[in-house]
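# Commentary on secondary and tertiary structure
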Amino acid sequence: LSFPHGYNPDLLEVLRTLALAGAPASPAIEQGLDALLALRRPDGRWSTAGTLNGKMWRDLGHKGAPDPWITYRALAALKHFGRA
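Here we summarise the structure given alongside this text.

Another aspect to go through is the packing of helix 1 (residues 11–20) against helix 2 (residues 27–38). When two helices pack together, their arrangement is captured by the angle between the axes and the distance separating the axes. At a minimum axis separation of 10 Å, helix 1 and helix 2 run at an interaxial angle of 135°. Relative to helix 2, helix 1 is oriented oblique. Along this stretch, helix 1 crosses helix 2, giving a crossing that reads as left-handed. In contact with Leu11, Leu12, Leu15 and Leu18 of helix 1, helix 2 contributes Ile29, Gly32, Leu33, Ala35 and Leu36.

See below:
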């Protein structure tokens, strides 16, 4: 999971895009949601796994640190598919 994104999508970006498009739940989406939930920290937040630090004018976040934007987008996707 990363924020901001480069040109490679990650699991969260795909799930969030499907949620914004109004896609109904399917077995493949449920599998993706299970994988997303497995990445949740014990405190209920999600951590940054990848960054674009060093490639932009300013660094945003640090690998392994909880990220509010990733957490927000994860919760929004989970809410859309009834898993929040």
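Once the structure has been displayed, the description carries forward.
Moving on: the environment of Ser47. Position of Ser47 relative to the elements: it lies in the loop between helix 2 and helix 3 (68–80). In this structure, the C-alpha to C-alpha distance between Ser47 and Ala65, residues 18 residues apart in sequence, is 5.1 Å. At 3.3 Å, the side chain of Ser47 and the side chain of Arg41 are in polar contact.

The next point concerns helix 3. Relative to the 18 Å expected for 13 residues at 1.5 Å per residue, helix 3 spans 18 Å between its end C-alpha atoms, a close match to the ideal helical length. Looking at the buried residues of helix 3, the elements they touch are helix 1 and helix 2.

Conventions we followed
Residues numbered from 1 in each chain as written. Predicted model: local features only at pLDDT ≥ 70, side-chain atom pairs only at ≥ 80, totals over all residues. Heavy atoms only, no water. Axes fitted to C-alpha atoms, helices over the stretch in contact; angles between N-to-C directions. Helix = DSSP H or I, 4+ residues; strand = E, 2+ residues; numbered from the N terminus. Parallel < 35°, antiparallel > 145°, perpendicular 65-115°, else oblique. Left-handed = near helix turned anticlockwise from the far one by under 90°. Contact = heavy atoms within 4.5 Å. Polar contact = N/O pair within 3.5 Å; in protein donor to acceptor, adjacent residues only side chain to side chain. Expected span 1.5 Å × (residues − 1).

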